[in-house]
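Descriptive structure summary
Chain residues, written in single-letter form:
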Amino acid sequence: MADFGFRLSKSSTLDLDRIDTKVYDRLCDTDPDARTCMACGSCSATCTAAPFSGMSMRKVILGLQRGQDVRPMLSNCMLCGKCTMVCPRGINTRHLILSICRIYDR
Amino acid sequence: MIDRIPSGFHPFVLPFLIGMAFVLLYCVYGIFRILFQLPHEDRRKFLLSLINPVTAAKNVRDIFCDCLLHVKLWQRNPMLGFMHSSIAFGWFMLILLGHIEVFLFVPTRINLFYYPIFFNYFVAEVDQTMNGAFLFFLSDFFLLVVLCGIVLAWVKRIRSRLFGMRRTAVPSLVNRIAMYALWAIFPLRLLAETFTAHISGGSFLTGPGNWLFRQILGNDLYYMPTWWAYSICLCVFMCLLPFSRYMHIPAEMMLIPMRNAGLKIRHARKGLAKLQVLTCPNCGVCIDACPMSVSKANIKDCTVYLTRQIRRGNEKRIAEISDKCLLCGKCEALCQVGVQGPEIRIKQREARKFNISQDYSNISVAAPSSTGKVLYFSGCMSQLTPSIGRSVVSILDKAGVENVWMDREGGLCCGRPMLTAGRTDEAMALVHKNEEAILASGADTLVVSCPICYRMFMENYTLPGVRVVHYSVYFDELVKAGRLHLVKSDLCYVYHDPCELGRGCGIYEEPRRLVGQSAAIAEADKSHKESICCGGSLGSLSLSFRQREKITQAALENLYTSKADAIATACPLCQATLSRYSDRPVRDIAEIIDRQSTPTT
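Remember, it's a predicted structure, so these values are computed and weren't measured experimentally. (Residues numbered from 1 in each chain as written. Chains lettered and ligands numbered in written order. Predicted model: local features only at pLDDT ≥ 70, side-chain atom pairs only at ≥ 80, totals over all residues.)

**Regarding the overall build of chain A**
The secondary structure content of chain A amounts to seven helices and zero strands. Overall, chain A shows an N-to-C arrangement of helices and strands of α-α-α-α-α-α-α. For chain A, the spread of C-alpha atoms along the three principal axes comes to 45 × 35 × 25 Å. For chain A, the residues scored as buried account for 38% of the 106 residues in total. In chain A, 57% of the contacts between residues at least 6 apart in sequence involve partners at least 24 apart. (Helix = DSSP H or I, 4+ residues; strand = E, 2+ residues; numbered from the N terminus. Buried ≥ 20, exposed ≤ 12 C-beta atoms within 10 Å, placed from the backbone. Contact = placed C-beta atoms within 7 Å.)

**Section: the overall build of chain B**
Counting its regular elements, chain B contains 28 helices and 12 strands. Its C-alpha atoms give chain B principal-axis dimensions of roughly 95 × 50 × 45 Å. Within the span of chain B, comprising 601 residues, buried residues form 48% of the whole. Across chain B, the fraction of contacts at a sequence separation of at least 24, relative to all contacts at a separation of at least 6, is 76%.

**Remarks on the packing of helix α7 (residues 133-158) of chain B against helix α8 (residues 173-195) of chain B**
All names here are of chain B. For the pair α7 and α8, interaxial distance at closest approach is 10 Å and the crossing angle is 140°. Along this stretch, α7 crosses α8, giving a crossing that reads as left-handed. Counted together, Leu 143, Val 146, Leu 147, Ile 150 and Ala 153 of α7 and Trp 183, Phe 186, Pro 187, Arg 189 and Leu 190 of α8 form the full contact between these two elements. Of the residues belonging to the contact of α7 with α8, the class tally is nine nonpolar, no polar and one charged. (Axes fitted to C-alpha atoms, helices over the stretch in contact; angles between N-to-C directions. Left-handed = near helix turned anticlockwise from the far one by under 90°. Nonpolar A, V, L, I, M, F, W, Y, C, P; charged D, E, K, R; others polar.)

**Topic: unusual backbone geometry**
Residue and element names in this part refer to chain B. For His 528, which is not glycine, the phi dihedral falls at a positive 50°. One can find His 528 in the loop between β9 (520-522) and α26 (545-560). Exposure remark for His 528: the 15 C-beta atoms within 10 Å place this residue in the partly exposed category. Even without being a glycine, Lys 563 presents a positive backbone phi close to 60°. With respect to the element layout, Lys 563 can be found in the loop between α26 and β10 (566-569).

**Section: the environment of Ala 289 of chain B**
Residues and elements named next belong to chain B. Looking at where Ala 289 falls in the secondary structure, it is placed in helix α14 (residues 285-289). The buried category is assigned to Ala 289, around which 23 C-beta atoms lie within 10 Å. Taking C-alpha positions, Ala 289 is 31 Å from Gln 37, a pair spaced 252 residues apart along the chain. Not counting the four nearest positions on each side in its chain, Ala 289 is found in contact with Lys 330, Cys 331 and Leu 334.

**Things to note about the packing of helix α1 (residues 14-37) of chain B against helix α11 (residues 223-240) of chain B**
All names here are of chain B. Interaxial distance between α1 and α11 falls to 7 Å at its minimum, and their mutual angle equals 20°. Accordingly, the angle class assigned to the pair α1 and α11 is roughly parallel. Judged by the sense of rotation from one axis to the other, the crossing of α1 with α11 is left-handed. Facing Pro 15, Phe 16, Ile 18, Gly 19, Met 20, Phe 22 and Val 23 of α1, the residues of α11 in contact are Ser 231, Ile 232, Leu 234, Cys 235, Met 238 and Cys 239. Tallied by class, the residues present in the contact of α1 with α11 amount to 11 nonpolar, two polar and no charged. (Parallel < 35°, antiparallel > 145°, perpendicular 65-115°, else oblique.)

**Description of the pairing of strand β5 (residues 445-448) of chain B**
All names here are of chain B. Two elements, strand β3 (residues 374-377) and β5, share four bridges in a ladder whose sense is parallel. Bridge assignment links Leu 375 to a residue of β5, and that residue is Leu 446. Sheet analysis places β5 next to strand β6 (residues 467-470), joined by four bridges and oriented parallel. Bridging from a neighbouring strand, Val 448 pairs with His 470 of β6. Taken together, β5, helix α22 (residues 451-460) and β6 constitute a β-α-β crossover, and its handedness is right-handed. (Pairing = 2+ DSSP bridges. Right-handed = clockwise from strand over helix to strand, strands pointing away.)

**A short note on the interface of chain B and chain A**
Listed per partner, the contact involves 26 residues of chain B and 26 residues of chain A. When the residues that make up the side of chain B that touches chain A are grouped by side-chain class, the tally is 17 nonpolar, eight polar and one charged.

**Examining the environment of Pro 51 of chain A**
Position of Pro 51 of chain A relative to the elements: it lies in helix α3 (residues 50-53). Distance in space between the C-alpha atoms of Pro 51 of chain A and Asn 76 of chain A is 9.9 Å, their sequence separation being 25 residues.

**Thoughts on the sheet that holds strand β8 (residues 492-496) of chain B**
Residue and element names in this part refer to chain B. Judged by pairing direction, the sheet is parallel, and its four strands sit side by side in the order β9-β8-β10-β11 without closing on themselves. Of all strands in the sheet, those with a lone pairing partner are β9 and β11 (586-588), marking the two edges. Each strand of the sheet is rotated relative to its neighbour by a mean of 40°, with strand direction disregarded. The sheet contact formed by β8 and β9 spans three bridges and is parallel.

**Some details on the sheet that holds β6 of chain B**
Strands in a sheet are paired, the pairing made by backbone hydrogen bonds, and the direction either parallel or antiparallel. Residues and elements named next belong to chain B. Here four strands make up an open sheet; going across it, the order is β4-β3-β5-β6 and the pairing parallel. Each having just a single partner strand, β4 (403-405) and β6 make up the two edges of the open sheet. Going from strand to strand, the sheet's axes swing by 25° on average, the running direction of each strand aside. In the packing of helix α23 (residues 471-480) onto the sheet, the strands contacted are β5 and β6, and the crossing angle to β6 comes to about 90°.

**Here we look at the pairing of β8 of chain B**
Residue and element names in this part refer to chain B. Within β8, four of the five residues are buried, leaving the element largely enclosed by the surrounding structure. In this structure, β8 lies alongside β10, joined through four bridges in parallel fashion. Counted as the bridge partner of Val 494 is Ile 567 from β10.

**Notes on helix α12 (residues 248-260) of chain B**
All names here are of chain B. Here α12 contains 13 residues, and its C-alpha end-to-end distance of 17 Å stays within 8% of the 18 Å for a straight helix at 1.5 Å per residue. Considering only its buried residues, α12 is in contact with α1, α2 (40-51), α3 (53-69) and α13 (272-279). Looking one or two places after α12, you find Gly 262, whose phi comes out positive at around 80°. (Expected span 1.5 Å × (residues − 1).)

**Considering the confidence of the model for chain B**
Of the residues in chain B, 98% reach a pLDDT of 70 or more, and the chain-wide mean stands at 91. Predicted complex metrics record ipTM = 0.88 and pTM = 0.92. (pLDDT = per-residue confidence, 0-100.)

**A closer look at the confidence of the model for chain A**
Mean pLDDT over chain A works out to 88, with 97% of the residues at or above the 70 mark. Averaged pLDDT values over the elements of chain A bottom out at 84 in α3 of chain A and peak at 93 in helix α2 (residues 42-46) of chain A.

**Concerning the environment of Ala 366 of chain B**
Residue and element names in this part refer to chain B. One can find Ala 366 in the loop between α18 (341-350) and β3. A residue is classified by how many C-beta atoms lie within 10 Å of it, and Ala 366, with 11 of them, is exposed. Spatially, the C-alpha atoms of Ala 366 and Trp 183 are 67 Å apart, while their sequence positions differ by 183 residues.

In structure tokens, the structure reads:
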């Protein structure tokens, strides 16, 4: 395809009947405060791993709610805990990450 | 002194013999079990240390001071020290005196090892052997010492505050029964020896006691049941010993040589960790020490309850307790027997399995340009408090130190948060990435401003030819060398010891000296190794925001006792956490020094 310097982005349509929120539901069982996230993005702004992998805790939670695969994003997390420090909702995001790492099917 | 019973035996010694045999067999089994659980090189190191005369002498001295005299407890609280050493040392002396008496007066019975314990029953005094009087005086005296300790133990159960302890651990059922048996042993021994004092002879306690009881009771039919009761109490105590907190008596004697051999915990449940769990005497000093105990709900998460749950094998609670801890290290610093609560917890976390493991092979860290010989690593936490990094660089510039700020544009984490979460492999991957970048820079000094990173660099990094130094130590050297001049301001600071810097790395004086040279300095009620964690620690995995807030408030209350105008600290995490709730400014020592320093040239 010719390179115009821009391209169409992938469709972001979600079929709510088909998405699989199993991981998110299991996460909410172990860490109920995941539900209180308001997607402000403070965690992403402070993330140490963000420049390397596009890690964003906000996108991880959003992705889980939409049943998307978030594993590539999590793979660079260093557990430094700054996201937990800045969360205005007081969510223990660091524990959230550890929980996601545990409950994800291999 | 002559043998009263020709056969040298009476059935009442049987319970004692059963108990003693059980304890001895159990301890021998325990020693071999723990030795076999040690990794091969650790076992070798331990056994070699036993035959090394220097460590052997240290072992003997430590066992005598810690197990018998309880020197550390005396330093903590004289009442607590007296209580423990009177029971331990007094009992030891009673046994020793029993052996001396047998050796001197009935040497043919030296091979019967119940004889020293029940000496007074088996002998009769004759007129010409009054030279036993001095030994009888000593054994009465030490019995009195032990009884004083027992009385204090009763008092401690009712009012522990007299002994400098706000809270003590709630004893479990086994501990309770063993404790009552221990309490009963010595009064029963006193009664038994009193009742037979007219036959075997006695001293200032047993002699008059015997006369008194004979006046009241008129016969001596009662002395046999008392000797039986004494023997049965010993049996109950010794049979429960392996399952109760009193296991610390034999276990500590093995833990001390292991500590002196320099062994580290390799497994959460085996070897050294197992021995430490058995050594925990359930005294509960760690409850008052734990910063989490400000909330009543968290009291059961202190180290004393961790060791109890590990002994019970309650996996659910073990996981909860291990995850909650802030790893501030205060319980370890104050522990009288040296139980390493934080290390046991980290090893416990390591046992957990994760389905996603982090991978950093896609990250390449550019080596910093090697113009300066001094490399500065601010750590990722300093990104939340950027003025620390700027101040450090400004001070280095003022002192004319050529420097490069390695992670000005953001860098990798040092790996300690990953390590404390129990994910050693991932943490070491980060360590290797950082090591490569630092070594490639060609610097010979690495200045670190974050204590979390500093501890990680000291404990887990191998950087040949690079001196890793905390900025407080480095600036202190610059001031001493006259390259930096500090001007005193009229503010008064109280210095908050960060856990990782103080208890973690033993740096207490340098930051205080620097603050003291740039301002007035006050001390908080609890400082140095007793400083209270700010509550922001990355050690805790599961502590919630609200629970952390309570801990921060408690730490601030402690700092407010100094009546200082502002709080100084040397950790970006402590600064960020404390300033969230503090009613007065919280500054990093780099910011204070930067404000108060001028170049000397």
